[in-house]
Amino acid sequence: MYSESVNRLLEQWRTSAAPLERALKGEPGADWPEARENYLAALATLFPAPPAVHIADTMLAGQPTSLITPSQAEQPAGFITPPRPGQPTGLAPRSQPHARRVLLYLHGGGYASGGRRGYHGLGGRFARRLNAQVYIPDYRLAPEHPFPAAIDDAFAAYRALLADGAEPASIMLAGDSAGGALVVTLLRKIRDAGLAQPAGGVALSPWADISQSGGSAVSREGRDPLCGVAFLNLLARNYLGAVAATHPDASPVFADVSGIAPVMIQVGENEVMLSDALRLAARLGEQRVRVTLEVWPAMFHVWHLCADVLPEAERAIANAAAFLLGTQADR
């Protein structure tokens, strides 16, 4: 179904994730920290940053964070240049102009793995297409930090951007898989706290129902080359502990989503999470949230990461960026 280069990349991706499943099962000899670190290193190798971006290490609300910006030639007037090696890191000083776009990107990994190093490729592509600063924080992971630590960290990161003086209308959100669900949950938390909403959010292959109760958990099982229900159930238990999988903060398909910023959802037709994305889009629309849904034929879980070898990935990223720029124009 896919090209040889895509199949080769998928096989390497699957192989790098296998030790995570063994660690989640508690198999003898499985080393959880080692499995997580090796998987993250594999992501960084398989999905490297594109050319013409600058990547700096910084901190956001106490979280180690990658700050990705397009090259100087692409930056708009008023854009804040990130610190160079040897300079202090951190958010741009308040005295700088804030005529810049900011994307807060929340990585995937089932709330248990992944990290900023593995998302420099996708983050760099968004930085270039949006001409924006892209922040990718290393939010805390389970099992050391179970539900709702990831949510709390995402909310803290958004508040840190506001505290630094970034205008809400200049801030955009995006995330994939668990991070895609976090985008919607973060918008709800922002609403409940009485803070200004960002311009909009994009959820890529969102894990919107951590209970796996959607029909595609059966109908698409075995068709997605990356994601299976048994592995998702392991990740859910690892993250939730005794918390119900239907908790609205864990599964936004069961949440009150009214009053949040516009959302785009992109999902692959082969994903076991397909019906979750459809249900989430319906819930957003029913509760008067502007929503755009794209179902990509034959695509798999978070195919966006494969933009180096998969044209559909680059086109999906372009659509997502156009949506986010449109939400900013509407503000």
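Details of the structure are given in the entry above.
Conventions we followed
Each residue is numbered by its place in its chain's sequence as written, counting from 1. Side-chain atom pairs in this predicted model are given and counted only at pLDDT of 80 or more, local residue features only at pLDDT of at least 70, and totals for whole chains, interfaces and linings cover all residues. To obtain the side-chain values, all non-hydrogen atoms of the structure were used and water was disregarded. Candidates for patches are residues over 30% relative accessible area with no salt bridge; among them, like charges are joined within 9 Å and nonpolar side chains (Val, Leu, Ile, Met, Phe, Trp, Tyr) within 5 Å. Residue-level accessible areas treat just the shown protein chains as cover; the underlying method is Shrake-Rupley with a 1.4 Å probe. For this document, the term salt bridge refers to a Lys or Arg side-chain nitrogen within 4 Å of an Asp or Glu carboxyl oxygen. The helix count covers DSSP runs of H or I at least four residues long, the strand count covers runs of E at least two residues long, and both are numbered beginning at the N terminus. To count as a disulfide, a pair of cysteine sulfur atoms needs to be within 2.5 Å. Three exposure classes are used, based on accessible area relative to the maximum for each residue type with a 1.4 Å probe and protein chains only: buried under 20%, partly exposed in between, and exposed over 50%. Each Phe, Tyr or Trp ring, with Trp reduced to its six-membered ring, pairs with another whose centre is within 6.5 Å; inter-plane angles below 30 degrees give stacked pairs, above 60 give edge-to-face pairs, and intermediate values give tilted ones.

1. Focus: a nonpolar patch on the surface
On the surface, a cluster of nonpolar side chains totalling about 210 Å² of accessible area is made up of Leu 278, Leu 293 and Val 295. Note that Val 295 resides in strand 8 (residues 291-296).

2. As for the pattern of salt bridges
As enumerated under the stated definition, the model contains 20 salt bridges in all. Measuring nitrogen to oxygen at the nearest pair gives 3.6 Å for the salt bridge that ties Lys 25 to Glu 21. With a gap of 4 residues between them, Lys 25 and Glu 21 both fall in helix 1 (residues 4-25), about one helical turn apart. Connected via shared salt-bridge partners are Arg 125, Arg 129, Asp 308 and Glu 314.

3. Re the state of the cysteines
All chains considered together, the criterion is met by 0 disulfides. Cys 227 forms no disulfide, and the closest cysteine sulfur to it belongs to Cys 306, at a distance of 13 Å. Relative accessible area serves as the criterion here: at 1%, Cys 306 is assigned to the buried category.

4. Quick word on the packing of aromatic side chains
On inspection of all chains with the given rule, the structure shows 8 aromatic pairs. Aromatic pair Trp 13 and Phe 47: ring centres 5.1 Å apart, planes at 70°, arrangement edge-to-face. Of this pair, Trp 13 sits in helix 1 while Phe 47 sits in the loop between helix 2 (32-46) and strand 1 (53-60), and the two are 34 residues apart along the sequence. For the pair Trp 13 and Phe 47, a shared accessibility class is recorded, and that class is buried. Here the aromatic cluster, defined as three or more aromatic residues joined through ring pairs, consists of Tyr 111, Phe 147, Trp 207 and Tyr 239.

Purely spatial values, then, with no claim about function.
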